[in-house]
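What follows is the residue order along each chain.
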Amino acid sequence: QVQLVESGGGVVQAGGSLRLSCTAASGRTFSRYGMGWFRQAPGKDREFVAAITWSGVSTDYSESVKGRFTISRDNAKNTVYLQMNNLKAEDTAVYYCAVRRSVYGSSRLDDYDYWGQGTQVTVSA
């Protein structure tokens, strides 16, 4: 079992930036696995935001965040990041990181095996 811990959420004005981090608790490592970020707004389904391969070479983004968000990872620190720039009110959601037991990331929720508890991001207009 891999326990993930997200951090970096908060309240920011529209146009601002936040960086989310995701690490594994209890010394577990996910450096060999694909990772993803998802989000869930109130009353909506959880949706894909970004994914990254184990090496960090390949990334994928939803159309709604492409050009504004960047996913990256530091395997030496066992951490995955989501840099969010030019935030909009519609980006308000709980953000979750997830691990997929594959070298590849994915945009499909069902492809992921472990999830964090989430961190709240609120963008004020």
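For clarity, every value in this text was computed on a predicted model and none was experimentally measured.

Peer 1: Outline the side chain of Ser21, listing residues and values.
Peer 2: Note that Ser21 resides in strand β3 (residues 18-24). Setting aside residues up to four positions removed in sequence, Ser21 forms contacts with Val5, Glu6, Ser7, Trp37, Thr79, Val80 and Tyr81.

Peer 1: Tell me about the packing of aromatic side chains, residues and numbers included.
Peer 2: Ring pairs (aromatic) are described by centroid distance and by the angle formed between their planes. Taken as a whole and judged by the stated rule, the model has four aromatic pairs. Measuring from centroid to centroid gives 5.0 Å for Phe38 and Trp115, while their planes differ by 55°, and the two rings are tilted. Here the residue Phe38 occupies a position in strand β4 (residues 34-40), and Trp115 occupies one in strand β10 (residues 114-115), the gap between them amounting to 77 residues. Given the relative accessible area of 0%, Phe38 is considered buried. Judged by relative accessible area, Trp115 falls into the partly exposed class, the value being 25%. In textbook terms, an aromatic cluster arises when at least three aromatic residues are bridged by ring pairs, as seen for Phe38, Phe48, Tyr112 and Trp115. Here the guanidinium or amino end of Arg46 rests over the ring plane of Trp115, the centre of that ring lying 5.0 Å away.

Peer 1: Tell me about the pattern of salt bridges, and please be specific about residues and values.
Peer 2: Enumeration according to the criterion identifies seven salt bridges in this entry. Between Glu47 and Arg39 there is a salt bridge, with the nearest N and O atoms lying 2.7 Å from each other. Looking at Glu47, the relative accessible area reads 37%, which means it is partly exposed. A residue is classified by how much of its surface remains accessible, and Arg39, at 5% relative accessible area, is buried. One network of salt bridges, with partners in common, ties together Arg39, Glu47, Arg68 and Asp91.

Peer 1: Give a description of the pairing of strand β11 (residues 119-124) that names residues and reports values.
Peer 2: Consecutive side chains of a regular strand alternate in pointing toward one face of the sheet and then the other. Only one face of β11 is covered, namely the face carrying Thr119, Val121 and Val123; the face carrying Gln120, Thr122 and Ser124 is uncovered. Direction of pairing for strand β2 (residues 10-13) relative to β11: parallel, over a ladder of four bridges. Counted as the bridge partner of Gln13 is Ser124 from β11.

Peer 1: I'd like a description of the sheet that holds strand β7 (residues 69-74), backed by residues and values.
Peer 2: Across the sheet, four strands lie side by side as β1-β3-β8-β7; this open sheet has antiparallel pairing. Whereas interior strands pair on both sides, the edge strands pair on one side only; in this sheet they are β1 (4-7) and β7. Neighbour to neighbour, the strand axes of the sheet diverge by 15° on average, direction disregarded. Bridge analysis of β7 against strand β8 (residues 79-84) gives six bridges, and the strand direction is antiparallel. Paired with Thr70 across the bridge in β8 is Gln83.

Reading the values: rules and limits
Residues numbered from 1 in each chain as written. Predicted model: local features only at pLDDT ≥ 70, side-chain atom pairs only at ≥ 80, totals over all residues. Heavy atoms only, no water. Helix = DSSP H or I, 4+ residues; strand = E, 2+ residues; numbered from the N terminus. Contact = heavy atoms within 4.5 Å. Phe/Tyr/Trp six-rings, centres within 6.5 Å; stacked < 30°, edge-to-face > 60°. Buried < 20%, exposed > 50% of the residue type's maximum accessible area, 1.4 Å probe, protein only. Lys NZ or Arg CZ within 6 Å of the ring centre and 35° of its normal. Salt bridge = Lys/Arg side-chain N within 4 Å of Asp/Glu carboxyl O. Pairing = 2+ DSSP bridges. Axes fitted to C-alpha atoms, helices over the stretch in contact; angles between N-to-C directions.

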